[in-house]
Amino acid sequence: MNELDYSGKTVLVVGGSSGIGNGIAQAFRARGAEVHVWGTRAQAGDYDAGQGSDLDGLHYARVDVADFDAVATTALPFDRLDVLVCAQGIVRYRREEFKLTAFREVVNVNLVSLMACGERFHGMLAHARGSMIIVSSAAAFHSTVGTPAYNASKTGAFGLTRTLAEAWARDGIRVNGIAPGLVATKLTRVTTDHPERLEASLRKIPLGRLGTPADMAGAALFLASPLAAYVLGQTLLVDGGLLLA
Ligand SMILES: NC(=O)c1ccc[n+]([C@@H]2O[C@H](COP(=O)([O-])OP(=O)(O)OC[C@H]3O[C@@H](n4cnc5c(N)ncnc54)[C@H](OP(=O)(O)O)[C@@H]3O)[C@@H](O)[C@H]2O)c1
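Reading guide: rules and limits
Positions within a chain are numbered from 1, following the residues in the order the chain's sequence is written. Only residues with pLDDT of at least 70 get local features here, since the model is predicted, and only at 80 or more are side-chain atom pairs given and counted; chain-wide, interface and lining totals rely on the full set of residues. Values reported for side chains reflect all heavy atoms of the structure, with hydrogen atoms and water molecules removed beforehand. Within 6.5 Å between ring centres, the rings of Phe, Tyr and Trp (the latter by its six-membered ring) count as paired, and their orientation is classed by plane angle as stacked under 30 degrees, edge-to-face over 60, tilted in between. A run of H or I in DSSP counts as a helix once it spans at least four residues, and a run of E counts as a strand once it spans at least two, with each numbered from the N terminus. Definition of nearness: a residue and a molecule or strand are near each other if at least one heavy atom of the residue lies within 4 Å of the molecule or strand. Definition of a polar contact: a pair of N or O atoms within 3.5 Å, with one able to donate and the other able to accept a hydrogen when the atoms are protein atoms, and with sequence-neighbouring residues admitted only if both atoms are side-chain atoms. Using a 1.4 Å probe, accessible areas were evaluated by the Shrake-Rupley method; residue-level cover was limited to the displayed protein chains. The term salt bridge refers to a side-chain nitrogen of Lys or Arg lying within 4 Å of a carboxyl oxygen of Asp or Glu. Note on classification: 1.4 Å probe, protein chains only; a residue is buried when its accessible area is under 20% of the maximum for its type, exposed when over 50%, partly exposed between these limits. Two strands are said to pair when DSSP picks up at least two bridges between them. Handedness rule for crossovers: strands pointing away from the viewer, path from the first strand over the helix to the second running clockwise, crossover right-handed. To obtain each axis, a line is fitted to C-alpha atoms, and for helices this fit is confined to the stretch in contact; angles are then taken between N-to-C directions over 0 to 180 degrees. Comment on the angle field: the value is read as roughly parallel under 35 degrees, roughly antiparallel over 145, roughly perpendicular from 65 to 115, and oblique elsewhere. Should the near helix be turned anticlockwise from the far one by less than a right angle, the crossing is termed left-handed; should it be turned clockwise, right-handed. Contacts: residue pairs with any heavy atoms within 4.5 Å of one another. Gly is put with the polar residues, along with every residue not named as nonpolar or charged; the nonpolar set is Ala, Val, Leu, Ile, Met, Phe, Trp, Tyr, Cys and Pro, and the charged set is Asp, Glu, Lys and Arg. Helix span, expected: 1.5 Å multiplied by one less than the number of residues in the helix.

**Some points on the packing of aromatic side chains**
For the structure shown, the criterion picks out five aromatic pairs. With a centroid separation of 5.4 Å and 65° between ring planes, the pair formed by Y47 and Y60 is classed as edge-to-face. Residue Y47 is found in the loop between β2 (34–39) and β3 (59–62), and its partner Y60 is found in strand β3; the two are separated by 13 residues along the sequence. Ring geometry for F141 against F158: centres 5.0 Å apart, planes inclined by 80°, an arrangement best described as edge-to-face. With F141 in the loop between β5 (131–135) and α4 (148–168) and F158 in helix α4, this pair connects stretches of sequence that are 17 residues apart. Grouped by ring-pair contacts, the aromatic residues W38, F78 and F121 constitute a single cluster.

**Regarding the site of the ligand**
Close contacts around the ligand come from 31 residues, with S18, T40, Y47, Y150 and T185 the closest. At 2.7 Å, a side-chain N or O of S17 approaches an oxygen atom of the ligand. The contact in question runs from an oxygen atom of the ligand to an N or O atom on the side chain of Y150, over 2.6 Å. Its free accessible area being 890 Å², the ligand has 95% of it covered by the protein chains.

**Structural notes on the pattern of salt bridges**
Within this structure, the stated rule accounts for five salt bridges. The salt bridge partner of K99 is E96, with a shortest N-O separation of 3.2 Å. Judged by its relative accessible area of 33%, E96 falls in the partly exposed class. The residue R209 makes a salt bridge to D215 at a minimum N-O spacing of 2.8 Å.

**Some words on the pairing of strand β4 (residues 83–86)**
Along β4, one buried face is formed by V83 and V85 and the opposite face, lined by L84 and C86, is buried too. Bridge count for strand β1 (residues 10–14) against β4 is four bridges, and the pairing is parallel. Each residue of the ladder has a partner; that of L12, found in β4, is L84. Note that β4 and β5 share four bridges and pair parallel. By the bridge assignment, C86 is partnered in β5 with I134. In this fold, β4 hands off to helix α3 (residues 100–128), which returns the chain to β5; that crossover is right-handed.

**With respect to the packing of helix α1 (residues 19–30) against helix α7 (residues 213–224)**
Packing of α1 against α7 brings their axes to within 8 Å, and their N-to-C directions diverge by 55°. Between α1 and α7, the crossing angle belongs to the class labelled oblique. In the crossing of α1 with α7, the sense of the turn from one axis to the other is right-handed. Two secondary-structure elements touch here, α1 through G19, I20, G23, I24, A27 and F28 and α7 through P213, M216, A217, A220, L221 and A224. Per-class residue counts for the contact of α1 with α7 are ten nonpolar, two polar and no charged.

**Let's talk about the sheet that holds β4**
In space, the seven strands of this open sheet follow the order β3-β2-β1-β4-β5-β6-β7, with parallel pairing throughout. Strands at the two margins of the open sheet, each flanked by one partner only, are β3 and β7 (235–238). The average undirected angle you get between the axes of adjacent strands in this sheet is 20°.

**Brief notes about α1**
Spanning twelve residues, α1 covers 17 Å between terminal C-alpha atoms, matching the ideal 16 Å at 1.5 Å per step. With respect to burial, α1 is a largely interior element, ten of its twelve residues being buried. Buried residues of α1: G19, I20, G21, N22, G23, I24, A25, Q26, A27 and F28, and no others. Tucked inside the fold, the buried residues of α1 contact β1, β2, β4, β6 (174–180) and α7.

**What about unusual backbone geometry?**
Positive phi, normally seen in glycine, also occurs at R94, with a value near 55°. Within the secondary structure, R94 sits in the loop between β4 and α3. What makes R94 exposed here is its relative accessible area of 81%. Of note, the phi angle at R95 is positive, near 65°, even though the residue is not glycine.

Next up, the structure:
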């Protein structure tokens, strides 16, 4: 038996149009799953493969997860769901998050929308005895001085992961999480496109390199699989040792 064979399974990756979520989506697809992804642009053709978005073979829909009514009511092209991955996320730099408007916007996308998605898919996941994976961040475990909303939302996502896990285990749903370290995506360009900042970041990572979407996908494939059948409410830190140092 190959526990990482997802043939016959349906997967939705919210935030699967770019970066980490896109890497996770393509990893499930490569192992046989039918994979749906949500993002913010009008159509799949609006994404550029050179910019960390490979929509090949994925079923794309635009759903703004901060529009909670849309999350609750959008028409779905599938009627069963085995794996829900919540990889949506935004950050606002330049002290924007110290203003309430941006603070609320970030918390809505990074935290409140997790509950909106969980509520929408609870029934399907319970029916399939499926799995939900919440992507939080290594930032949940330390302060990030310029981005208070990002930090609060990711710390909230960490707490929500263990609480939903306990609450929904008896419904047949296993909830777990992934806390990435530093991965080069459009979210982190401010660091990774800046040679001195990148160098300083790499010095802090014992494995000596950035993480990749494929590194995060490895954790997601494991957590959603029967190999992790007895793993519940855990957020796996996938950071190349960043927080060890
Ligand atoms: N990169 C890192 O170093 C790092 C570290 C720790 C945690 N994370 C977390 O990993 C997750 C993925 O981030 P990433 O680094 O891969 O960045 P990314 O490439 O910008 O991906 C973010 C994803 O979220 C989607 N999204 C953002 N706002 C949305 C909205 N209102 N409605 C629907 N979808 C929305 C984006 O859609 P579009 O493609 O349309 O923009 C995209 O698919 C985030 O939760 C992030 O906080 C990243």
